[in-house]
Amino acid sequence: MSARNITAERLLALIETYGADVDAYPEDERESARVLLKADPQAFAAALEEARSLDMLLQAVPPVDTPAELRARLIDNAPKPARAAGRRWRLPVWIPAGAIASLSVGLFAGMSVAQTSTPAQEDQAQELVYAALGFDTYSMDLEDEAPQ
Amino acid sequence: MAFSSDLDQITRAAAGDPAAVSALVDRYSGGVLAVATRMLGDVSEAEDVTQETFLRAWKALPGWEPRAKFSTWLHRVALNLCYDRLRKRREVTMEHLPERTDPALNPAEELEQKQRVRAVEAAIIALPERQAAALTLCALQGHSQAEAAEIMEVSVEALESLLARARRGLRASLMERTGS
């Protein structure tokens, strides 16, 4: 930003507008303001004094801090991550994949056994199933089914 | 208050990044609350305005286009909400107006400094609203002339005119209060 030369009248206006602190003036007018103030301090002394008393009162106004409770509310109202916002429960990918794999292995094993087993092995297997279900014996069932 | 840093945080906050949300709140809520407090003179109302300002900001984040600085946009929203509330206040009858800070209420209990501060705060609130806004943004919140003018949607020349009148009005009001 290039510096701008200002008149004494403009400097008085700046003092009235922004106060006694040259750093508060528009950036491009600060340098020229400093030169004028240094060249003729008495010309601006009264204006500076009046401005300084008001500056001190304004500087005494304490800053406003955001109370913790308000801060929490502001954050709570903010956007949430997409997954949390939807709250859709999804199973991890490995669970259905694992189930499908187990099912395939089971089916394959079952079919292999069925194709290679003999009638005697089938009877043994059925007997085991009956026993597991709580029936007395497989042979008893066969007797019950025998023609009278 | 870097522009690029704001943009990055806005993008992340829009996606729900809690750290970016907290950073934006921590960076700007104090300034917004301060402007609302100085304009309205009522802490509870100022907090409501701050909350409403940030609600609007959160809604605007997904489609945010950096035409203005985020801080400028936020302060402009807050200021307009304050103007709305001040307008509504003028519509209610005088007896329903919220009680304003009065340094004469408990002079014996107040420290001198505290009284002076209260007198200044009350004098700022008593200023015409645009003058109060200009003074708050520049003298109390430290915004540059260009930023304050952009927030208020006025030229820098108009801002300077508001500021000069605000300072004159403040001085006169304080002299009247102290009787000097």
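Rules and cut-offs
- Within any chain, residue numbers begin from 1 and follow the written order of that chain's sequence.
- Chain letters start at A and ligand numbers start at 1, both assigned in the order the entries are written.
- Totals for whole chains, interfaces and linings use every residue, but because this is a predicted model, local features are given only for residues with pLDDT of at least 70 and side-chain atom pairs only at 80 or more, for both listing and counting.
- Secondary structure is summarised from DSSP: a helix means a run of H or I of at least four residues, a strand means a run of E of at least two, and numbering begins at the N terminus for each.
- Here a residue counts as buried when 20 or more other C-beta atoms fall within 10 Å of its C-beta, as exposed when 12 or fewer do, and as partly exposed in between; the C-beta atoms come from the backbone.
- Residue pairs are scored as contacts if the distance between their C-beta atoms, which are placed from the backbone, is within 7 Å.
- Start and end positions for the domains come from either an automated domain assignment or a database one.
- UniProt positions are given in the numbering used here, feature names are shortened, and annotations may be inferred rather than shown by experiment.
- Each residue is assigned to one of three groups, with Ala, Val, Leu, Ile, Met, Phe, Trp, Tyr, Cys and Pro labelled nonpolar, Asp, Glu, Lys and Arg labelled charged, and all others, Gly among them, labelled polar.
- Under the definition applied here, buried Ala, Val, Leu, Ile, Met, Phe, Trp, Tyr and Cys residues are grouped into a nonpolar core through C-beta atoms within 7 Å.
- Angles shown run from 0 to 180 degrees and are taken between the N-to-C directions of axes, each axis being a line fitted to C-alpha atoms and, for helices, limited to the stretch in contact.
- An angle below 35 degrees is read as roughly parallel, one above 145 as roughly antiparallel, one from 65 to 115 as roughly perpendicular, and any other as oblique.
- With the far helix as reference, a near helix turned anticlockwise by less than a right angle produces a left-handed crossing, and one turned clockwise produces a right-handed crossing.
- For every residue, the pLDDT score states the predictor's confidence, bounded by 0 at the bottom and 100 at the top.

A. A look at the overall build of chain A. Looking only at helices and strands, chain A has 8 helices and 0 strands in total. Across chain A, helices and strands are ordered from the amino to the carboxyl terminus as α-α-α-α-α-α-α-α. Here chain A holds 148 residues, and 11% of them are scored as buried. Partitioning the contacts of chain A with sequence separation of at least 6, the portion at a separation of at least 24 is 62%.

B. Seen up close, the domain arrangement of chain B. All names here are of chain B. Annotation of chain B at the domain level lists domain 1 (1–99) and domain 2 (104–180). Listed as interface residues are 13 residues of domain 1 and, on the opposing side, 14 residues of domain 2. Of all elements in the fold, only α2 (18–40) and α4 (70–91) reach the threshold of two or more residues within the side of domain 1 that touches domain 2. A per-element tally of the side of domain 1 that touches domain 2 places α4 first, with 6 residues.

C. How the structure looks around the UniProt feature "domain: RNA polymerase sigma-70 region" (unreviewed entry) in chain B. Mapped onto this numbering, the UniProt entry gives "domain: RNA polymerase sigma-70 region" (unreviewed entry) at residues 24–90 of chain B. The span residues 24–90 of chain B is 84% helix and 0% strand, and its two end C-alpha atoms sit 33 Å from each other.

D. Region of the structure containing the interface of chain B and chain A. At the junction of the two partners, chain B supplies 34 residues and chain A supplies 25 residues. Those elements that provide at least two residues to the side of chain B that touches chain A are α1 (3–14), α2, α3 (43–60), α5 (112–126), α6 (129–140) and α8 (156–178) of chain B. Considering each element in turn, the side of chain B that touches chain A owes the most residues, 8 residues, to α2(B). Here the residues of the side of chain B that touches chain A are counted per class, giving 19 nonpolar, 9 polar and 6 charged.

E. Examining the UniProt feature "domain: RNA polymerase sigma factor 70 region 4 type" (unreviewed entry) in chain B more closely. Under the local residue numbering, the UniProt record ascribes the feature "domain: RNA polymerase sigma factor 70 region 4 type" (unreviewed entry) to residues 119–168 of chain B. Between the first and last C-alpha atoms of residues 119–168 of chain B the distance is 15 Å; the span itself is 82% helix and 0% strand.

F. How the structure looks around the nonpolar core. Residue and element names in this part refer to chain B. Counting 61 residues, the largest nonpolar core has A36, A78, A134 and L135 as its most contacted members. Top contributing element to this core by residue count: α2, with 12 residues. Residues in contact with A134, not counting those within four places in the same chain, are A148, M152, L159, L162, L163 and A166.

G. Representation of the packing of helix α1 (residues 8–18) of chain A against helix α3 (residues 41–59) of chain A within the structure. Residue and element names in this part refer to chain A. One can describe the packing of α1 onto α3 by two numbers: an axis separation of 10 Å at closest approach and a directional angle of 15 degrees. Between α1 and α3, the interaxial angle falls into the category roughly parallel. Considering only the axes of α1 and α3, their crossing is right-handed. Mapping the contact onto sequence places A8, L11, L12 and I15 in α1 and A43, F44, A47, L48 and A51 in α3. A per-class count over the contact of α1 with α3 returns 9 nonpolar, no polar and no charged.

H. Representation of the environment of V22(A). Residue and element names in this part refer to chain A. By the element assignment, V22 lies in the loop between α1 and α2 (27–39). By the C-beta count within 10 Å, which is 17 here, V22 ends up partly exposed. Those residues in contact with V22 that sit more than four places away from it in its chain are R30, A33 and R34.

I. Quick peek at the environment of E112(B). Summarising the element assignment, E112(B) is placed in helix α5. Here the alpha-carbon distance between E112(B) and Q131(B), two residues 19 residues apart in the chain, equals 26 Å.

J. Region of the structure containing helix α7 (residues 145–152) of chain B. Residue and element names in this part refer to chain B. Extensive coverage of α7 is indicated by the burial of 7 of its 8 residues. Taken together, the buried positions of α7 are occupied by Q145, E147, A148, A149, E150, I151 and M152. Two residues or fewer past α7, E153 is found with a positive phi of approximately 55 degrees.

K. Molecular detail of the packing of α1(A) against α2(A). Residue and element names in this part refer to chain A. Packing of α1 against α2 brings their axes to within 10 Å, and their N-to-C directions diverge by 110 degrees. Viewed along their axes, α1 and α2 adopt a mutual orientation that is roughly perpendicular. Of the residues in α2, those in contact with A8, L11 and L14 of α1 are E29, A33 and L36. Split into classes, the residues belonging to the contact of α1 with α2 amount to 5 nonpolar, no polar and 1 charged.

L. Quick peek at the confidence of the model for chain A. Residues and elements named next belong to chain A. The predicted model of chain A averages 76 in pLDDT, with 54% of residues at 70 or higher. For chain A, helix α8 (residues 138–145) is the element with the lowest average pLDDT, namely 44, and α1 is the one with the highest, namely 97. Scored below 50 in pLDDT, residues 84–89 makes 1 contact in the model with residues more than four places away or belonging to other chains. Confidence drops under a pLDDT of 50 for residues 136–148, and excluding neighbours within four residues, the segment shows 5 contacts in the predicted structure.

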